[in-house]
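Residue-level structural notes
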Amino acid sequence: MAQLASIEPEFLAGHPALDFVNTVAWRTDATRRADRVSGPGQWRTWAARAGLGAPGRYDLDGLIRLRTALGEILDAHTDRAALPSAAWEVLQRMVLTAHQRAYVPARLPVRREPAGLTDALALRAEELLSGPSVDRIGRCEGPGCGWFFLDRTRGGSRRWCSSGDCGNRDRARRHYAKGQGRAHSSSG
Ligand SMILES: [Zn+2]
């Protein structure tokens, strides 16, 4: 996977577990897919910006495994397809492990803390998928984009990861298509 270190990850999904899957740009286009976050330093910065604190343990293999499984599950969910059993197995195991490894630091109020970023994200994914927001998970309609978001519009009408990004591209495309149509009809 290509790595575009200069491109900043974005936080537009409305939930850290979805922003996590969105750290892959052009997720559903194999020719353009690119990792927006790589290496411990960038992941720590990402975690802080995602509001996950600065978890100590860093486990890149685990992060990528979780991100892939979560992406496949969310694709099936938004496609209204059966959940992929292998990905579900991975997620289930990672959520259970995160619960087992969680600890309670000696301070009040008592709060369970995940043992690292991968565990933190597994628990946030569990929270998302077990709560009412699961019905509001949508996927950008931009060709190749594949980014997920929580649709908080009243009528469930959000179509784009960002209106200024994929939404803009769609407007430009439709504008171009209309122009082409006009040129065609005037010549014929
Ligand atoms: Zn998009």
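Model, not experiment: these values are computed from the prediction.

With numbering matched to this structure, UniProt assigns "domain: Zinc finger CGNR" (unreviewed entry) to residues 136-178. Along residues 136-178 one finds 30% helix and 14% strand; the C-alpha atoms at either end are 32 Å apart.

Tracing the sequence through the fold places Thr-97 in helix H4 (residues 85-101). Residue classification places Thr-97 among the partly exposed residues on the basis of a relative accessible area of 27%. For the pair Thr-97 and Asp-119, spaced 22 residues apart in sequence, the C-alpha to C-alpha distance is 7.6 Å.

Our focus in this paragraph is the packing of aromatic side chains. Evaluated as defined, the whole model comprises 4 aromatic pairs. Here the aromatic rings of Phe-20 and Trp-43 are separated by 5.8 Å at their centres, their planes lie at 65°, and the arrangement is edge-to-face. Taken together, the positions of Phe-20 in helix H1 (residues 16-21) and Trp-43 in helix H2 (residues 39-49) put the pair 23 residues apart, joining distant regions of the chain. The same class applies to Phe-20 as to Trp-43, namely buried. Centre to centre, the rings of Trp-43 and Trp-46 are 5.5 Å apart; their planes meet at 75°, and the pair counts as edge-to-face. Here the residue Trp-43 and the residue Trp-46 both occupy positions in helix H2, the gap between them amounting to 3 residues, near one helical turn. Classification of Trp-46 by relative accessible area gives buried; the value is 1%.

Once that is clear, we can look at the coordination of the zinc ion. Taken together, Cys-140 (SG), Cys-145 (SG), Cys-161 (SG) and Cys-166 (SG) make up the protein donors of the zinc ion, found 2.2 to 2.4 Å from the metal. Between the 4 donor atoms coordinating the zinc ion, the angles at the centre fall across 104 to 115°, so the site counts as tetrahedral. Along the chain, the residues donating to the zinc ion fall in the pattern C-x4-C-x15-C-x4-C. The exposure class of Cys-161 is buried, given its relative accessible area of 4%.

Another aspect to go through is the nonpolar core. Counting residues in hydrophobic clusters, the biggest one holds 33 residues, and the most contacted among them are Leu-18, Phe-20, Trp-46, Leu-70, Leu-121 and Ile-137. Going through the elements one at a time, H1, H2, helix H3 (60-78), H4, helix H5 (117-130) and strand S5 (148-150) are the ones with two or more residues in this core. Here Leu-121 is in contact with Pro-16, Phe-20, Trp-46, Leu-52, Leu-63 and Leu-66, once residues within four sequence places are set aside.

Now for a nonpolar patch on the surface. Among the surface-exposed residues, Val-104, Leu-108 and Val-110 lie close enough to one another that they form a single nonpolar patch of about 330 Å² accessible area. Here Val-110 shows up in the loop between H4 and H5.

Two numbers describe how H3 lies on H5: the axes approach to 9 Å, and their chain directions differ by 15°. In terms of axis orientation, H3 runs roughly parallel to H5. Two packed elements cross with a definite hand, and for H3 against H5 that hand is left-handed. Here Gly-62, Leu-63, Leu-66, Leu-70 and Leu-74 of H3 come into contact with H5, specifically with Leu-117, Thr-118, Leu-121, Ala-122, Ala-125 and Leu-129. Residue classes in the contact of H3 with H5 are distributed as 9 nonpolar, 2 polar and no charged.

About the cut-offs
Residues numbered from 1 in each chain as written. Predicted model: local features only at pLDDT ≥ 70, side-chain atom pairs only at ≥ 80, totals over all residues. Heavy atoms only, no water. UniProt positions renumbered as here; feature names shortened; annotations may be inferred. Helix = DSSP H or I, 4+ residues; strand = E, 2+ residues; numbered from the N terminus. Buried < 20%, exposed > 50% of the residue type's maximum accessible area, 1.4 Å probe, protein only. Phe/Tyr/Trp six-rings, centres within 6.5 Å; stacked < 30°, edge-to-face > 60°. Donors = N, O, S within 2.8 Å, 3.2 Å for Na, K, Ca; no water. Tetrahedral: all angles 85-135°; square planar, octahedral: opposite > 155°, others 65-115°. Core = buried A, V, L, I, M, F, W, Y, C linked by side-chain atoms within 4.5 Å. Contact = heavy atoms within 4.5 Å. Patch = residues over 30% accessible without salt bridge, like charges linked within 9 Å, V, L, I, M, F, W, Y side chains within 5 Å. Areas by Shrake-Rupley, 256 points an atom, 1.4 Å probe, with all protein chains shown as cover. Salt bridge = Lys/Arg side-chain N within 4 Å of Asp/Glu carboxyl O. Axes fitted to C-alpha atoms, helices over the stretch in contact; angles between N-to-C directions. Parallel < 35°, antiparallel > 145°, perpendicular 65-115°, else oblique. Left-handed = near helix turned anticlockwise from the far one by under 90°. Nonpolar A, V, L, I, M, F, W, Y, C, P; charged D, E, K, R; others polar.

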